[in-house]
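# Coordinate analysis (summary)
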Amino acid sequence: MNPVSNMTAHTNPNTISNAEKAPAAIANEKELSASRIKDATNSEDTSGSRPAKPVMDEYIPEEKCTADTSAVDREIKKLRETQAELKRQLNSETDERKAKELEQKLAQIESELHQKDNEAYRRQHTKYSFS
């Protein structure tokens, strides 16, 4: 088996390389692509007026995007108020059992605040509206 037949065995049988095409066919393809380019450039209006704008440049009305973080801000504010209230209750509590429960609740609230009171959380939970 010669190396050329080995190479063609792995290629698509319907694909013909430029080396296998007749020189006249290659010249014909070049002429066709050149005529397409001429047609595209000659299709513009040569009367001196401006050529028509492409569809891409058509006017598109502006949309305004509004980001709303108020729900996240309210949630964080409520957690801070709860934290302050638990600290007040803990400072005034005399019963050790209740004080321990309050410490656990306070730790939970502080943990939740630590997770939510940052820019990443705000960005993830921002509500966007377009007008």
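Look above for the structure.
What counts as what
Residues numbered from 1 in each chain as written. Predicted model: local features only at pLDDT ≥ 70, side-chain atom pairs only at ≥ 80, totals over all residues. Heavy atoms only, no water. Helix = DSSP H or I, 4+ residues; strand = E, 2+ residues; numbered from the N terminus. Buried < 20%, exposed > 50% of the residue type's maximum accessible area, 1.4 Å probe, protein only. Contact = heavy atoms within 4.5 Å. Polar contact = N/O pair within 3.5 Å; in protein donor to acceptor, adjacent residues only side chain to side chain. Core = buried A, V, L, I, M, F, W, Y, C linked by side-chain atoms within 4.5 Å.

### As for the environment of Glu103
- Structurally, the position occupied by Glu103 is in helix 4 (residues 96-116).
- By relative accessible area, which is 45% here, Glu103 ends up partly exposed.
- Remark: the alpha-carbon pair of Glu103 and Leu86, spanning 17 residues in sequence, is separated by 8.1 Å.

### Looking at the environment of Tyr121
- Here Tyr121 is to be found in helix 5 (residues 119-124).
- Spatially, the C-alpha atom of Tyr121 lies 8.4 Å from that of Val72, the residues being 49 residues apart in sequence.
- Not counting chain neighbours up to four residues away, the residues in contact with Tyr121 comprise Val72, Glu75, Gln115 and Lys116.
- There is a polar contact of 3.3 Å between the side chain of Tyr121 and the side chain of Glu75.

### A word on the nonpolar core
- Within the largest apolar cluster, eleven residues are counted, these being Val72, Ile76, Leu79, Leu86, Leu90, Ala99, Leu102, Leu106, Ile109, Leu113 and Tyr121.
- Secondary structure elements with two or more residues in this core: helix 3 (70-92) and helix 4.
- The contact partners of Leu106, leaving out residues within four places of it in the chain, are Gln83, Leu86, Lys87 and Leu90.

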